[in-house]
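Report on the structure
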Amino acid sequence: GYLCMGVTTVLCGVCGGSPVPISKQADKLQEQGFGTNIGYFIGLGSVRKKVIGNADRVPTAEELEKMKKLVKTAMEWGAFGVSSGLIYTPGCFAKTDELIELTKVAAPYGGIYTTHMRNEGNNVLQSLDEAFQIGNEAGVAVNISHMKCTTKMKGHSDLMMAKMDSARRAGMRLTG
């Protein structure tokens, strides 16, 4: 169906959710056959859930290392980068420094950070800043999965676009 619509590539594992490990899902697709190109991101929400479940807490040092290993395995396999869904459980429990540490693992592989931001309402501009911080501190390009804000934030989309343009002019590799 996708090919009939002209879609040649499908990216999976966005908004923080993906199979962990990705390779099992990819093997299954290879067996079944598929018509499009398929690329994967490793979902940081899925990684978090595999290691600490849906707990609303900071991971221990040992748990963070386990999560890093899962990200590294996905990147070695060929993932395009990492994704976060910061409005979904358990991604909403991840603090910025946790996301930075996990995203740093993707940097040596040329991975990117793609995010469904933490907030699309009153704190939409702060959420955009958080995405920029993660990308800058991890040394990766950033993609904002859904460039939008809630209707009560009328006019903020112009502010978001201006903030993104400014970040690009400052050298950030950024799409949205």
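Residues numbered from 1 in each chain as written. Predicted model: local features only at pLDDT ≥ 70, side-chain atom pairs only at ≥ 80, totals over all residues. Heavy atoms only, no water.

**Observations regarding the state of the cysteines**
How we decide: Only a pair of cysteine sulfur atoms within 2.5 Å qualifies as a disulfide here.
Throughout the structure, instances matching the rule amount to zero disulfides. In this structure Cys-4 is not part of a disulfide, and its nearest cysteine sulfur, from Cys-12, lies 18 Å away. Take Cys-12: it sits in no disulfide, and the sulfur closest to it among the cysteines is that of Cys-15, at 12 Å.

**Comments concerning the packing of aromatic side chains**
Definition in use: Only centres within 6.5 Å qualify two rings of Phe, Tyr or Trp (six-membered ring in Trp) as a pair; their planes then separate them into stacked at under 30 degrees, edge-to-face at over 60, and tilted for everything else. Segments assigned H or I by DSSP are reported as helices when at least four residues long, segments assigned E as strands when at least two residues long, and all are numbered from the N terminus. Each residue is assigned to one of three classes by its accessible area relative to the maximum for its type, calculated with a 1.4 Å probe on protein chains only: buried under 20%, partly exposed between the two thresholds, exposed over 50%.
Tallied over the entire structure, the rule returns two aromatic pairs. Each ring, one from Tyr-40 and one from Trp-77, has its centre 5.9 Å from the other, and the planes form 70 degrees; the classification is edge-to-face. Of this pair, Tyr-40 sits in strand E2 (residues 37-40) while Trp-77 sits in helix H3 (residues 61-77), and the two are 37 residues apart along the sequence. For Tyr-40, a relative accessible area of 4% translates into the label buried. Between Phe-41 and Phe-80, the ring centres sit 6.1 Å apart and the planes meet at 45 degrees, which makes this aromatic pair tilted. Taken as a pair, Phe-41 in the loop between E2 and strand E3 (42-43) and Phe-80 in the loop between H3 and strand E4 (81-85) lie far apart in primary sequence, 39 residues in all. With a relative accessible area of 44%, Phe-80 lands in the partly exposed category.

**A few points about the pairing of strand E6 (residues 141-144)**
The following threshold applies: Handedness of a crossover is defined as follows: with both strands directed away from the viewer, a clockwise route from the first strand across the helix to the second makes it right-handed. When DSSP finds at least two bridges between two strands, those strands are taken to pair.
The side-chain alternation of E6 yields two buried faces, one formed by Ala-141 and Asn-143 and the other by Val-142 and Ile-144. With helix H5 (residues 124-138) bridging strand E5 (residues 112-116) and the parallel E6, this β-α-β connection has right-handed handedness. Relative to strand E7 (residues 174-175), E6 is paired through two bridges, and the arrangement is parallel. By the bridge assignment for E7, Asn-143 is matched with Thr-175.

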